[in-house]
Structures are given as C-alpha cells and as structure tokens.
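# What the coordinates show
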Amino acid sequence: MNSTSTPAPSAPLQHPPAPPAEAVAFFAARLAHQADVSDVHAALESGNPGFTLVDTRSPDAWDQGHVPGAIHLPRAEIAERAGELLAPGTVVITYCWGPGCDGATRAALAFAQLGYPVKEMIGGIEYWTREGLPVADGEGRVARRPADPLTAPERGAGCAC
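Calculation rules
Residues numbered from 1 in each chain as written. Predicted model: local features only at pLDDT ≥ 70, side-chain atom pairs only at ≥ 80, totals over all residues. Heavy atoms only, no water. Helix = DSSP H or I, 4+ residues; strand = E, 2+ residues; numbered from the N terminus. Buried < 20%, exposed > 50% of the residue type's maximum accessible area, 1.4 Å probe, protein only. Areas by Shrake-Rupley, 256 points an atom, 1.4 Å probe, with all protein chains shown as cover. Salt bridge = Lys/Arg side-chain N within 4 Å of Asp/Glu carboxyl O. Arc of directions from axis to C-beta. Contact = heavy atoms within 4.5 Å. Polar contact = N/O pair within 3.5 Å; in protein donor to acceptor, adjacent residues only side chain to side chain. Pairing = 2+ DSSP bridges. Right-handed = clockwise from strand over helix to strand, strands pointing away. Lys, Arg positive; Asp, Glu negative; His and termini not counted. Axes fitted to C-alpha atoms, helices over the stretch in contact; angles between N-to-C directions.

### A closer look at the overall build of the chain
- If you tally the helices and strands in the chain, you get six helices and seven strands.
- Ordered by position from the N terminus, the helices and strands of the chain form the series α-β-α-β-α-β-α-β-α-β-α-β-β.
- Taking the principal axes of the C-alpha coordinates as reference, the chain spans close to 80 × 40 × 30 Å.
- Taken across its 161 residues, the chain has 32% of its residues classed as buried.
- Carbon and sulfur atoms make up 56% of the accessible area of the chain, which totals about 10,300 Å².

Written out as structure tokens, the structure reads:
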C-alpha cells in the first residue's frame, strides 16, 4: 500500500492568510489607528508634527520620564480636562508604558468618544526609550540612553521600514 499524505501546515499557516483585499483593509486600518515611535519622533523633530502627543500615565510615571514635547493628561482625567488642554479637532496621539499595557488604548478610546481624531503610539515609552530617543524627567532635564540593538539599528537614523 502506497500512502501519500500531505504534511500538516506549519503553525503560522494553520489559519491561512486572509485574501489580499481583506489584508489591505486590515493593515490600512491598523495604520489609521497606530503610529510607531520612530515616526512620532521624526514628526516631533520636524517642528510641525500635526498632532499633540499625550502621555496618559500617572504623575509619578510622568516625573520618572516622558517624551519631550508631550503633554501630561492621565487617562482618568481625559473626560473632564481634555477640552481645557486641547482645541476641538486636535489630532491626538496617546502613549502609556508599553506594549504590555493598554492604557494608551483606553486613553485613545476616551479621546475618540469626545470627538478627537486619535491614534495610539505603539510601543509606548518603553520602546521610545529602547530606541534611544530623548526622555525628559520631572525637572525638565532631557537625556538619551543607548538604543537597544535588538529594537533599533546601531547605526543610522532608523530601520527604514
């Protein structure tokens, strides 16, 4: 008896890829809702980013280190204070600790519910710091740490992705 069998698909392909049109919609939606730290940094450095970056962490976390140029608005205060800090229609990009924290997602939802166009900075302050980008402390001092070579290129301005 000659038995031929088709090998089982590898783990990543046990659920086949979506059709291309479905993939286009999904990835376009992700880009409409998220921005990465390198792109946010480059936009801030341009002097005319077109958005306001909002750190949604606690006051202690803000004082420990935050993105220079960001404003501080803890998530729990967004509903009551957003209008005094941001004009209606201001594009907002939120961030929190990092990928293991959904605080920035919750904050983005709160801003969207108030009618603000909003995105979330994926990676949060963790990846901002890991890429060696500048961090300000509660006294306004700005410092840079070396980039983690597993998350950012050792040479050059960025990953060019």
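### Let's talk about the pattern of salt bridges
- Scanning the entire structure with this criterion turns up seven salt bridges.
- Close ionic contact of R57 with D55 constitutes a salt bridge, the shortest N to O distance being 2.7 Å.
- The class of R57 is buried, set by a relative accessible area of 3%.
- Accessibility expressed as a relative area gives 0% for D55, which makes it buried.

### Quick look at helix α2 (residues 37–46)
- Considered for burial, the residues of α2 that qualify are V37, V40, H41 and A43. The buried residues of α2 occupy an angular sector of 165 degrees when projected down its axis, which confines them to one face. Structural note: α2 exposes D39, E45 and S46 on the side pointing more than 90 degrees away from its buried face.
- Close packing links the buried residues of α2 with β1 (34–36), β2 (52–55), β4 (92–95), β5 (118–122) and α6 (124–130).
- By the N-cap criterion, in which a side-chain oxygen at the helix start approaches the backbone nitrogen of a residue two or three places on, α2 is capped by D36, the distance to S38 being 3.1 Å.
- Just past α2, the residue G47 takes up positive phi, approximately 85 degrees.

### Focus: the pairing of β4
- Here β4 shows two buried faces, one formed by V92 and T94 and the other by I93 and Y95.
- Examined bridge by bridge, β4 and β5 share three bridges and lie parallel to one another. Looking at the pairing, T94 lines up with E120 of β5.
- Handedness of the β-α-β unit built from β4, helix α5 (residues 103–113) and β5 comes out right-handed.

### Topic: the side chain of E120
- Relative to the assigned elements, E120 resides in strand β5.
- Buried charge without a partner: E120 forms no salt bridge, and the closest opposite charge is R30, 9.2 Å away.
- Among the polar contacts made by the side chain of E120, one reaches the side chain of T105 at a distance of 2.9 Å.
- Discounting residues that sit within four places of it in the chain, E120 has contacts with H33, Q34, A35, I93, T94, A104 and T105.

### Overview of the sheet that holds β5
- Strand order in this open sheet of five strands is β1-β5-β4-β2-β3, and the pairing throughout is parallel. Every interior strand has two partners, whereas the edge strands, β1 and β3 (71–72), have only one.
- In this structure, β1 lies alongside β5, joined through three bridges in parallel fashion. For Q34, the partnering residue across the bridge sits in β5 and is E120.
- Contacts from helix α1 (residues 20–33) reach β1 and β5 within the one sheet, and its direction differs from that of β5 by about 95 degrees.

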